[in-house]
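In case you want the letters, here they are:
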Amino acid sequence: IKMSAEGLDPSVLDMDPEGPAPGSNGGGAKKIQATKKPVKKRSNSTIVKEETGKLHMVYKEKIKTPKAMKPLFWEMIPVRSLDGTVWQSMGQDLTPEEMDGEKICDAFEKKASKVIEKKKVEVKKKVPKAIDGKRAQNVAIALGRFRLSNEEFHRKLVELDINFLTAEVCEKLLPHLPDREDYNKVAQVVAENDGNVSLFGSCDKFFYAVGSISHLKQRINCLSIFLNFESGCNRFSGYTEIDSKLRSMQLAVDQI
């Protein structure tokens with residue numbers, strides 16, 4: 001009654017508070033979205049055909065070859081730049097039927113690249129060394145002159161084989177023989193490599209084979225002095241005379 005007295009519509013109280021307001025079209029007018037028609041892009045070949053036609057030239061379709069062909073390293077002239085050039089007045093090319101396509105393909109066929117197999121690089125094991133490089137190299141060069149195995153060297157040095165150990169050989173061999181310190185050094189490195197002597201170089205193998213001979217250098221040095229004694233005496237001017245007198249005295253003593 002109060003709302004009616006104030007000029008208001010009491011039926012508003014019975015309406016859905018979440019519904020549309022009176023006089024509205026269900027939430028307002030719908031927005032109409034304008035749709036654009038997609039523009040078709042012209043292909044490059046279509047553009048080239050049109051430009052070629054404007055120059056009164058015939059558009060040449062690409063020829064598909066049955067084989068891969070060698071590339072030609074040149075730049076194509078744009079069609080728009082052909083006006084007034086020699087290419088415009090050359091006329092029509094040979095048709096595919098007029099060309100011997102098979103011979104052209106054989107002549108300009110792209111050769112298949114050779115597949116090179118990568119060789120596996122074998123990683124060489126580091127050779128253990130006990131003797132320094134320069135000395136080891138000198139010993140290896142000296143040993144190479146004799147062509148003997150380490151076992152043969154050991155036997156001849158122990159036996160003092162004078163058929164092999166001549167004065168000249170002793171002189172050449174002495175500087176390259178190991179002493180006790182050299183042998184101990186090699187033996188220690190060999191032991192660190194589980195006694196595998198085959199891993200070592202020729203110098204270390206030689207030192208390990210003959211270094212165990214007692215007083216090796218002294219023995220060969222004494223042999224060298226012994227072998228050189230007679231030749232040294234021959235160089236002494238009075239040796240022959242003294243030798244003759246000594247022999248005569250020896251005979252006299254024997255007779256007495």
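Criteria and thresholds
Residues numbered from 1 in each chain as written. Predicted model: local features only at pLDDT ≥ 70, side-chain atom pairs only at ≥ 80, totals over all residues. Heavy atoms only, no water. Helix = DSSP H or I, 4+ residues; strand = E, 2+ residues; numbered from the N terminus. Buried < 20%, exposed > 50% of the residue type's maximum accessible area, 1.4 Å probe, protein only. Contact = heavy atoms within 4.5 Å. Phe/Tyr/Trp six-rings, centres within 6.5 Å; stacked < 30°, edge-to-face > 60°. Core = buried A, V, L, I, M, F, W, Y, C linked by side-chain atoms within 4.5 Å. Salt bridge = Lys/Arg side-chain N within 4 Å of Asp/Glu carboxyl O. Expected span 1.5 Å × (residues − 1). Arc of directions from axis to C-beta.

1. Describing the overall build of the protein chain
If you tally the helices and strands in the protein chain, you get ten helices and zero strands. The order of α-helices and β-strands along the protein chain, N terminus first, is α-α-α-α-α-α-α-α-α-α. Counting over 256 residues, the protein chain shows a buried share of 18%. For the protein chain, contacts bridging at least 24 residues in sequence account for 71% of all contacts bridging at least 6.

2. Regarding the packing of aromatic side chains
Think of a pair of aromatic rings as described by two things: how far the centres are apart, and how the planes are tilted against each other in angle. In total, this model carries six aromatic pairs according to the counting rule given. Here the aromatic rings of F153 and F164 are separated by 6.1 Å at their centres, their planes lie at 70 degrees, and the arrangement is edge-to-face. Residue F153 is found in helix α5 (residues 150–159), and its partner F164 is found in the loop between α5 and α6 (167–173); the two are separated by eleven residues along the sequence. Between the aromatic rings of F153 and F206, the centroid separation amounts to 5.2 Å while the plane-to-plane angle is 75 degrees, which identifies the pairing as edge-to-face. Within this pair, whereas F153 is found in helix α5, its partner F206 is found in helix α8 (residues 202–210), the two being separated by 53 residues in sequence. Each member of the pair F153 and F206 is classed as buried. A connected cluster of aromatic rings, assembled from ring pairs, spans F146, F153, F164, F206 and F207.

3. Some points on the nonpolar core
F153, L157, L165, L177, F206 and I220 are the most contacted members of the largest nonpolar core, which totals 27 residues. At the level of secondary structure, the elements contributing two or more residues to this core comprise α4 (133–144), α5, α6, α7 (180–192), α8 and α9 (216–234). Among the elements that line this core, the one with the most residues is α8, at four residues. Excluding residues within four positions of it along the chain, F206 makes contact with V139, L143, N150, F153, H176, L177, P178 and G211.

4. As for the pattern of salt bridges
Enumeration over the complete set of coordinates arrives at six salt bridges. The partner of K67 in a salt bridge is E109, and the shortest N-O contact between them spans 3.8 Å. Within this pair, whereas K67 is found in the loop between α2 (44–54) and α3 (101–107), its partner E109 is found in the loop between α3 and α4, the two being separated by 42 residues in sequence. Between K156 and D161 there is a salt bridge; the shortest N-O distance is 3.4 Å. For K156, a relative accessible area of 14% puts it in the buried group. For D161, a relative accessible area of 16% puts it in the buried group. Each member of the salt-bridge network shares a partner with another, and the members are K67, D106 and E109.

5. With respect to α4
With twelve residues, α4 should reach 16 Å at 1.5 Å per residue; the first-to-last C-alpha distance of 16 Å fits that figure. Within the span of α4, buried status applies to A136, V139, A142 and L143. Taken around the axis of α4, the buried residues stretch over an arc of 125 degrees, which confines them to a single face. Of the exposed residues in α4, those oriented more than 90 degrees away from the buried face are K134 and Q137. Of the surrounding elements, those touching the buried residues of α4 are α5 and α8.

6. Digging into the environment of S202
With respect to the helices, strands and loops of the structure, S202 is situated in helix α8. On the basis of relative accessibility, which here comes to 42%, the residue S202 falls in the partly exposed class. S202 sits 61 residues away from I141 along the chain, and the two C-alpha atoms are 9.7 Å apart. Every residue in contact with S202, bar those within four places of it in the chain, is listed here: A140 and L143.

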